[in-house]
Every structure is written in C-alpha cells, then in structure tokens.
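Single-letter residue listing:
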Amino acid sequence: MQRIYNFSAGPGALPLPVLEEASRAVLEINNSGMSILEVSHRGKDYEAVHYDAMQRLLRILGLSADEYSVMFVGGGASLQFAMLPMNFLQTGQSADYVNTGEWGTKAIKEAKRFGTVNVTASSEDKSFSYIPKNITFSPNAQYAHITTNNTIEGTEWSDIPQSDAPLVADVSSDFMARTLDYSRFSLFYAGAQKNAGPAGVTIVVARKSYLEQASDDIPSMLSYKTFAKADSLYNTPPVFPIYVVGLVLKWIEEQGGLMVVEANNRAKASLVYDALDAFPDVYEPAVTDKGDRSLMNITFRLRDTDREKAFLSGSQERQMDGLKGHRSVGGFRASVYNAFPIEGCHALAQYLHDFVEQK
Ligand code: PMP
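Residues numbered from 1 in each chain as written. Predicted model: local features only at pLDDT ≥ 70, side-chain atom pairs only at ≥ 80, totals over all residues. Heavy atoms only, no water.

Engineer: Hey, could you go over the site of the ligand for me, with residue numbers and the actual values?
Structural biologist: The ligand sits among 13 residues. The nearest are Ser78, Thr151, Asp170, Gln193 and Lys194. Interatomic distance of 3.4 Å between a side-chain N/O atom of Trp103 and an oxygen atom of the ligand. Between the ligand and the protein, one listed contact pairs an oxygen atom with a side-chain N or O atom of Thr151 at 2.4 Å. If the ligand stood free it would expose 390 Å²; the protein chains cover 85% of that surface. Taken together, the residues of the shell around the ligand sort by class into 3 nonpolar, 8 polar and 2 charged. (Near = heavy atom within 4 Å. Polar contact = N/O pair within 3.5 Å; in protein donor to acceptor, adjacent residues only side chain to side chain. Areas by Shrake-Rupley, 256 points an atom, 1.4 Å probe, with all protein chains shown as cover. Nonpolar A, V, L, I, M, F, W, Y, C, P; charged D, E, K, R; others polar.)

Pasting the structure below:
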C-alpha cells in the first residue's frame, strides 16, 4: 500500500510500525492462539498491556506513579467537559475557564450545568486567533481550565499560566507532542486520536491528592474515583485502543522521548509556516502572533477565496488528504501530529510555493 500524506485533524496519522504491530496483534497476541480483540481484559496478556501503557505514559511525561493516576475512559474528550465539573464543581461553587476556541466553548457550556463558570479570559473577540495573556485566576475557584492547543483555530499556549486554583487542561491535540511541565496540572485529559492512538479511549491523568476532593455522590461510571481505584478496570475498558496507545507510547520512547518529538514537530511546523509567510499576498495564516501558533494544527486561508477549490484538488493530486479547514471556520488546516512525516511538510511547502505560480 502506498501511504499518502494524511493531514487529518483527528483521527490522524499513526506511525507505520505501530499499525504493522497492531495488525499482527489483531491475529494473535503473545503466541496465545488468540487475537488482542479476543483475550479477556482480566487475563495476563491484556493486563500486561494495560499496566505497561499506564507506566510508560507517566514515565514519558516525567510524572511519578505515587503522585498521579492514569485513567482510561470512554466517551471522548467531550465527555470530560461534563465529567470534570460533575466531579469537582457543585452548585454554589465556581470554576474559572479561559475560552480559546470552540472546544473551550463546549467545555464551558457543560460546566454551567453544575456550578458557576467565570470566563476569566477569552479570545472570542478576534475569532479565537490568539491566546490571552496576563490572566489572573481566582484563588477560590474549584479549578481553572485551559485548552492547551486549539485544534480548530490553530493556536497553542506556549507557556502554562500561573494559577493558585488547581489547574486543569484539555490537552487533546498537543498531548505527547512537546515537553510541558505536566506537574503544573492537577488534572489533564486528552482524546487519544491525535498524537496518542486511535479514537475510543480518552486519557485522564490526575494528581491523587486532587482526586480525593472529587464528589462521591455521582454515578460510578462518571466518577474519577471509580476509575482511579480500579485502575480503569472497573468495567471492560476499550481494550484495543489502549493496546494501540501503548504501542504509540513505545514508539515515542524509541524516538527519544518528548524532547526529540518536539524538535521534530518544530521543524515540521516551520516548513509550512515559513512557506505561508513567504507569500502574504496569497496566503493568510489564521494566527498572526507567531508565539501563539500551533505546532500541530496550521490554519490558513487563501486571500482569493475563489481559488480554494483549485487549491484543494491540486493538493489531492499530490497525494495530500485532509487539508480542508474545520466546517465551522472554513479555509485550510494542515494537522501535522507526531506521526506525520517531515516529508509531508516538505511536500506541502513545495505545493504552497508552486500554487503561487499557477494561474
Ligand atoms: N478538545 C479538543 C482540543 C479537541 O481537539 C477535540 C476533538 N477534536 C475534543 C476536545 C473533542 O474530542 P472527542 O471527539 O474525543 O470528544
């Protein structure tokens, strides 16, 4: 099979060695005579997969298993928009949210069902094209929530803000893509389907001391305590997605960890941003402040919108897929997650140059 350049925003490109190993495991795991899809989630083959993924994850992030719990939850990152306040925000209490995009807006909508939401800062005034600066969170907030990378709009926090309230983050689209001081967060969550694996599992990491403050009076399957106490084996977990997450984590370690991954991602993103910036009369990057630009999701428009169709079909002729912007904002978006190869960024940069010459 000829692999093409998959710029999809998620599910996104996965490393080929991971796909190859996963395809073998679909037939048989550990000479067991059974597929990874067939073994019991309480058997030794799967248990090894499960605990290995948890340990590897913390090791890559530089977090201690004594202090942090890893949870594998279903329902996507969207469920976390509700599960977080359900666990930590009660009527009469408040939480701070920074609204940097559509996903933040959805998180806020869900939190309002449970308590008071203070939108501490927002970039909605300029179509979420920047990251608000100099934010002061309320020390009395139950937590302060940010979205570290805004998948649709193409902005990313370069620095994690200070907060006296417990800091919580939706890290769905830049999880495992750069070095961050993850110990600054009391809790963070990511749908796996961008940098960490396939759709079907959401990774939640929480400081154990923070989890103690979670409410007890909620349904078992929506309670972080249930997941943490049972090591996410209270019920049948999404076995196959977790297995593939484990393979991706192994791949990240083989690359040399997050420092190497980040350096690669910076090199990849620069190729594309430099090409866009070289032709300001033709391309309009959605994010003008370079410090706020996402390493993962590069968003831009053509100044001449009449040429959009031609741009897209030309990209497809060059074996590039998934460049259409999110349906809510239009334009174009190149998602260049960890597994997206640098050759694809060279190819896009070349195309951006060549398209300028075309009439
Ligand atoms: N948050 C962010 C930052 C996202 O990019 C996405 C999905 N693209 C979500 C939340 C929602 O994730 P899910 O589809 O897993 O519910």
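Engineer: Just give me the short version of helix 2 (residues 44-61), but keep the residues and values in it.
Structural biologist: The end-to-end C-alpha distance of helix 2 is 26 Å, a good match for the 26 Å that 18 residues give at a rise of 1.5 Å each. Every buried residue belonging to helix 2 is among Asp45, Tyr46, Val49, His50, Ala53, Met54, Arg56, Leu57, Leu58, Ile60 and Leu61, and all of these are buried. Buried residues belonging to helix 2 abut strand 2 (68-73), strand 9 (187-191), strand 10 (202-207), helix 7 (239-255) and helix 8 (258-277). The positive-phi residue at the C-terminal boundary of helix 2 is Gly62, with phi of around 75°. (Helix = DSSP H or I, 4+ residues; strand = E, 2+ residues; numbered from the N terminus. Expected span 1.5 Å × (residues − 1). Buried < 20%, exposed > 50% of the residue type's maximum accessible area, 1.4 Å probe, protein only. Contact = heavy atoms within 4.5 Å.)

Engineer: How would you sum up the sheet that holds strand 8 (residues 167-170)? Please name residues and give values.
Structural biologist: Pairing is mixed in the open sheet, where 7 strands are placed in the order 2-10-9-8-5-3-4. Edge strands, defined here as strands with exactly one partner in the open sheet, are strand 2 and strand 4 (116-122). Taken over all neighbouring pairs, the strand axes of this sheet differ in orientation by 20° on average, direction set aside. Inspection of the sheet shows strand 8 paired to strand 9 by 3 bridges, in the parallel sense. Among the inter-strand pairings, Ala169 is bridged to a residue of strand 9, identified as Phe188. Helix 2 contacts strand 2, strand 9 and strand 10 of the sheet and is inclined by roughly 125° relative to strand 2. (Pairing = 2+ DSSP bridges. Axes fitted to C-alpha atoms, helices over the stretch in contact; angles between N-to-C directions.)

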